[in-house]
Amino acid sequence: MTEVNRQTFYKKLVVTGLAFTLVGAGTLGLHSLNFTGEPTVASAAAETYTATANLNIRSGPSTSNAIIATVKQGTQLTVIGQAASGWLKVSYQGKTGYVSSEYVKKSASSTTKTYVTTANLNIRSGPSTSSAIVVTVKQGAQLTSTEQAANGWLKVSYQGKTGYVSTQYVKESTGSSEPAPAASVYVATANLNVRTTASTAGAVMATLKAGTQVDVTAKAANGWLKITYQGKVGYVSGQYVRALAGMKVVSNPESIQVVVNKQNKLPENYVSKDLVYTTIPFTFKEQTEKKKMRSEAAAAIAQLFAGAKKQGVTLLGVSAYRSHATQSALFSSYVQRDGYDKAATYSALPGTSEHETGLGIDVTKGDGTCAAQDCFGGTKEATWLDAHAAEYGFIIRYPKGKDAVTGYKYEPWHLRYVGKPVAQAIKSKGITLEEYYGIK
């Protein structure tokens, strides 16, 4: 069969839906791309073409050349020159080769488009689920793309990163501003200006401390986020905020058994209604908020201290209740000193600290040494607490070996009041508060 007759034959097969079979059979010689570039080719300005059928990429401008790769219908190829006999020299995924012009068409001019994710979605390093994950974005995240879909994938940009996403989980945006991702709790990773417009040219409305949580209502242009803060609408740079993935606001903040951790936060500026000053001794004399606890917890800690003393163990309080403002200032100071990522490994974001519940307290030895320090572990005081705290309704909130569950390292000095029945059950099973309730 001559080359002309063969091309006519193939065209008929494509029309009748048999192109895929042909592509799978390399011996039938579908059209190709060249990766060696020996033939003479007229150079041309690079243009984007789309395959109109499943298509072989060959090493030269002829069906007699070896198949280098096979692409599916709809794949985009960059044409960089024209060869003889109706073949085009193209570039595809960093390689160069040849295809027949009969099975490609010029793509429409590319323009930047905005897409919105319809589910939580992985952005990958290549157009395949076998490629490494660059970043995972939440449902509702905005992505930009200047390339049309190929093989069901889009090349996209997101917060300065480039990768590929499946077109099954994105839709083209219809407006300039989209709703924020489903996880709309964001935190400032540095001291941050809130401005009147989505630009540093906008007037500063307020300055937020690192660790402040903001309500993001939409994504604006050029990496800025539209937020509400203290009832006002403003804009912040997306470079200095981070979504708290999976963060939820607890619905039972007044419960003695409330679980507050890195995934479950208290309502904004929550203050318990029954805070009272404890009667136990502390490492300091001043009558500050750090001596307060919920009334039931305050009575229980007094009983615990008394019980310890009867057995020859003397304890002091270090820090009990902290207001939201205090926790905000504390976390912000740690961020200024060590950076956000490091600070978050040892200090709780405002709203996620157990101290804000009025149910947690840090304690130490009677001489005041090793207060909230690793050296407290292994002391007779720490040993006594581990053995007897549950008898008074307290648990060691962050036990040894449970970092992956609680999100914090071992803190033998941090007690949490949950009531005697729950505390004794947790102690007997050797589990955490999260594991007791089966939550994260």
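Residues numbered from 1 in each chain as written. Predicted model: local features only at pLDDT ≥ 70, side-chain atom pairs only at ≥ 80, totals over all residues. Heavy atoms only, no water.

## Here we look at unusual backbone geometry
Moving on, step 1. At Cys370, a residue that is not glycine, the phi angle is positive and equals roughly 60°.
Moving on, step 2. For Ala372, which is not glycine, the phi dihedral falls at a positive 55°.
Moving on, step 3. Tracing the backbone through its elements, the reader meets Ala372 in the loop between strand S28 (360–365) and helix H6 (380–388).
Moving on, step 4. A relative accessible area of 36% places Ala372 in the partly exposed class. (Helix = DSSP H or I, 4+ residues; strand = E, 2+ residues; numbered from the N terminus. Buried < 20%, exposed > 50% of the residue type's maximum accessible area, 1.4 Å probe, protein only.)

## Quick notes on the environment of Leu330
Moving on, step 1. Mapped onto the elements, Leu330 comes out in helix H4 (residues 324–338).
Moving on, step 2. Between the C-alpha atom of Leu330 and that of Ser347, which follows or precedes it by 17 residues, the distance is 8.5 Å.

## A closer look at the state of the cysteines
Moving on, step 1. Taken as a whole and assessed by the stated rule, the structure comprises one disulfide.
Moving on, step 2. Disulfide pairing places Cys370 opposite Cys375 at an S-S distance of 2.1 Å. The disulfide joining Cys370 to Cys375 has a torsion of about -130° about its S-S bond and is therefore left-handed.
Moving on, step 3. We classify Cys370 as buried; its relative accessible area is 14%.
Moving on, step 4. On the basis of relative accessibility, which here comes to 38%, the residue Cys375 falls in the partly exposed class. (Disulfide = S-S within 2.5 Å.)

## Considerations on the pattern of salt bridges
Moving on, step 1. For the structure shown, the criterion picks out eleven salt bridges.
Moving on, step 2. Between Asp362 and Arg322 there is a salt bridge whose closest N-O contact spans 4.0 Å. Remark: Arg322 occurs in the loop between strand S27 (315–319) and H4 and Asp362 occurs in strand S28; sequence separation between them is 40 residues.
Moving on, step 3. A relative accessible area of 6% places Asp362 in the buried class.
Moving on, step 4. The network of salt bridges with shared partners includes Glu354, Arg397, Arg416 and Glu434. (Salt bridge = Lys/Arg side-chain N within 4 Å of Asp/Glu carboxyl O.)

## Observations concerning the packing of aromatic side chains
Moving on, step 1. For the structure on display, the rule yields seven aromatic pairs.
Moving on, step 2. Ring centres of Phe331 and Tyr340 lie 6.0 Å apart, and the angle between their planes is 80°; this geometry places the pair in the edge-to-face category. Comparing Phe331 with Tyr340, the two get one shared label, buried.
Moving on, step 3. Just above the ring of Tyr277 sits the side chain of Lys292; from NZ or CZ to the centre is 5.1 Å. (Phe/Tyr/Trp six-rings, centres within 6.5 Å; stacked < 30°, edge-to-face > 60°. Lys NZ or Arg CZ within 6 Å of the ring centre and 35° of its normal.)

## Focus: the nonpolar core
One broad rule of soluble globular proteins: the nonpolar side chains tend to lie buried together.
Moving on, step 1. Core analysis: the largest hydrophobic core is formed by 35 residues, its most contacted members being Met293, Ile301, Leu304, Ile361, Leu385, Phe394 and Leu415.
Moving on, step 2. Counting only elements with at least two residues in this core, the list comes to helix H3 (295–310), S28, H6, strand S29 (394–398) and strand S30 (411–417).
Moving on, step 3. At seven residues, H3 tops the list of elements feeding residues into this core.
Moving on, step 4. Leave out the neighbours within four places in its chain, and Ile301 touches Thr278, Ile280, Met293, Ile361, Phe394 and Leu415.
Moving on, step 5. Judged by nonpolar contacts, the second largest core, of 14 residues, contains Ala53, Leu77, Leu88 and Tyr92. (Core = buried A, V, L, I, M, F, W, Y, C linked by side-chain atoms within 4.5 Å. Contact = heavy atoms within 4.5 Å.)

Everything listed here is a matter of coordinates, which is why it stays silent on function.
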